[in-house]
Amino acid sequence: MALLKVTFDQKKRVKLAQGLWLMNWLSVLAGIIIFSLGLFLKIELRKRSDVMNNSESHFVPNSLIVMGVLSCVFNSLAGKICYDALDPAKYAKWKPWLKPYLAVCVLFNIALFLVTLCCFLMRGSLESTLAHGLKNGMKYYRDTDTPGRCFMKKTIDMLQIEFKCCGNNGFRDWFEIQWISNRYLDFSSKEVKDRIKSNVDGRYLVDGVPFSCCNPSSPRPCIQYQLTNNSAHYSYDHQTEELNLWVNGCRAALLSYYSSLMNSMGAVTLLVWLFEVTITIGLRYLHTALEGVSNPEDPECESEGWLLEKSVSETWKAFLESLKKLGKSNQVEAEGADAGQAPEAG
């Protein structure tokens, strides 16, 4: 028994074809939107690729770009099919290709749904990527004279100013690395020598942060050096005061920005997916309704359209049986090839 059977007359078939034609061209616009979102996300990730550890984060924008292009192609073709469906002579050339086309549409919808899930589930991989990337970027902050790294100081400073953040997890991360270049250290100074000698790795560590960590909204002039020394500043307690610095770490700030961006894109892609599923169901009804026309010379006759020719369980069993037959045929062909090689060996 057919699943979700619907009876169509000529008027209903014409309305269905016209409605699907309009929906397909709207889906072409939706595909352009998905393509644009993927391109925008890729550009945003490229802007900060220097503080990201790997390129795994580009999987989502690349997938959105590909799905946007495929959506434009498939829906343009479907729009043409729906337009030609109103003319029996033009529809005849599409008739043999509709079943394979519908199967491709189902695969496309599955792929689009998986990309939508990736938009919502990418937070974990992005967090680890940012954690390692920012840590390495902060290490190279001082290498303003090293080719390939001379831009890192500007990148980190602009990042901290734009996202109002400081360090990887917080401003104290700057205490653990030497972010001042040796070029600007006076090695004849006793203080500099003592600091370098007191460190096992011979690094010059200070309880200070770059200027880009300063919060301009603070009424107090920025305190960025000797942050843990209460006596170095008037009326100052580093344990209770906000330090005039950005409190949030850049990893959390970037993660929040990209997560909200991808959640919005995931919501848009989910709506497009629902629209694509609706179109695929409509195409299936149009296909079966046109196939069910008993007398092509009488276009006004009624026909039946359905979603599945059999019930869900019967369709699933038929699918499994076809897979078994395919496996057996491959096995027979392999045995035949072995038998053909045996006389040659003799």
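How each quantity is defined
- Per-chain numbering applies: the sequence of each chain, read as written, is numbered from 1 onward.
- In keeping with the predicted nature of the model, local features appear solely for residues at pLDDT of at least 70, side-chain atom pairs appear and are counted solely at 80 or more, and the whole-chain, interface and lining totals rest on all residues.
- Hydrogens and waters are ignored; side-chain quantities use all the structure's heavy atoms.
- As used here, the term nonpolar core means buried Ala, Val, Leu, Ile, Met, Phe, Trp, Tyr and Cys residues forming a set that is joined through side-chain atoms within 4.5 Å.
- Exposure categories follow from relative accessible area, calculated using a 1.4 Å probe and restricted to protein chains: below 20% of the type maximum is buried, above 50% is exposed, and the middle band is partly exposed.
- To qualify as a helix, a DSSP run of H or I must reach at least 4 residues; to qualify as a strand, a run of E must reach at least 2; elements of each kind are numbered from the N terminus.
- The contact criterion used throughout is that any non-hydrogen atoms of two residues lie within 4.5 Å.
- UniProt positions are given in the numbering used here, feature names are shortened, and annotations may be inferred rather than shown by experiment.
- Disulfide: a pair of cysteine sulfur atoms within 2.5 Å of each other.
- Here the axes come from fitting lines to C-alpha atoms, over the contacting stretch only for helices, and the angles between their N-to-C directions go from 0 to 180 degrees.
- Here the angle decides the label: under 35 degrees means roughly parallel, over 145 means roughly antiparallel, 65 to 115 means roughly perpendicular, and every other value means oblique.
- Two helices that cross are described as forming a left-handed crossing if the nearer one is turned anticlockwise from the farther one by less than a right angle, and a right-handed crossing if clockwise.
- Amino acids are sorted into nonpolar (Ala, Val, Leu, Ile, Met, Phe, Trp, Tyr, Cys and Pro), charged (Asp, Glu, Lys and Arg) and polar (every other residue, Gly among them).
- Points on a 1 Å grid, built from protein atoms alone, make a cavity when a 1.4 Å probe fits but cannot get out and make a pocket when they are open with protein on both sides within 12 Å along at least 5 of 7 lines; residues with an atom within 4 Å of a point are the lining residues.
- Grid points are joined across faces, edges and corners, and a volume is the space filled by probe spheres set on the points.

Moving on: the nonpolar core. Trp 174, Val 209 and Tyr 258 are the most contacted members of the largest nonpolar core, which has 72 residues in total. Contributions of two or more residues to this core are made by helix H1 (10-47), helix H2 (59-84), helix H3 (88-94), helix H4 (98-121), helix H5 (123-139), helix H6 (152-163), helix H7 (190-197) and helix H8 (250-291). The element best represented in this core is H8, accounting for 14 residues. Discounting chain neighbours no more than four positions away, the residues touching Tyr 258 are Leu 41, Glu 44, Leu 45, Arg 48, Met 52 and Leu 126.

In this structure's numbering, the residues bearing the UniProt feature "transmembrane region" (unreviewed entry) are residues 20-41, 62-81 and 101-122. Strand forms 0% of residues 62-81 and helix 100%; the C-alpha atoms that close the span are 29 Å apart.

Mapped onto the fold, Ser 71 is located in helix H2. According to the relative accessible area criterion, Ser 71 is buried, its value standing at 1%. Setting aside residues up to four positions removed in sequence, Ser 71 forms contacts with Ser 27, Gly 31, Phe 108 and Glu 276.

One pass over the structure, following the stated rule, counts three disulfides. Free of any disulfide, Cys 82 has its nearest neighbouring cysteine sulfur in Cys 105, separated by 9.9 Å. For Cys 82, a relative accessible area of 1% corresponds to the buried category. In this structure Cys 119 is a free cysteine whose sulfur lies 7.2 Å from that of Cys 118, the closest cysteine sulfur available.

Once that is clear, we can look at the environment of Gly 266. Topologically, Gly 266 is positioned in helix H8. Under the relative-accessibility criterion, Gly 266 is labelled buried at 0%. Put simply, Gly 266 and Cys 118 are 148 residues apart on the chain and 8.1 Å apart in space, counted from C-alpha to C-alpha. Residues contacting Gly 266, with those up to four places away along its chain left out, are Thr 116, Cys 119 and Phe 120.

Between H2 and H4, whose axes approach to 10 Å, the crossing angle comes to 150°. The orientation of H2 with respect to H4, classified from their angle, is roughly antiparallel. The two elements H2 and H4 cross, and the hand of that crossing is left-handed. Contacts between H2 and H4 involve Phe 59, Val 60, Ser 63, Leu 64, Met 67, Leu 70, Ser 71, Phe 74, Asn 75, Leu 77, Ala 78 and Ile 81 from the former and Leu 98, Tyr 101, Val 104, Phe 108, Ala 111, Leu 112, Val 115, Cys 118 and Cys 119 from the latter. Looking at the contact of H2 with H4 residue by residue, the class counts come to 18 nonpolar, three polar and no charged.

Now for empty space enclosed by the protein. Following the criterion strictly, the structure yields two cavities of 30 Å³ or more and no others. Reported here for the largest cavity is a volume of approximately 60 Å³. Taken together, Asn 24, Phe 74, Asn 75, Ala 78, Tyr 101, Cys 105, Phe 108, Asn 109, Glu 276, Ile 279, Thr 280 and Leu 283 form the lining of the largest cavity. Its residues placed into classes, the lining of the largest cavity shows seven nonpolar, four polar and one charged.

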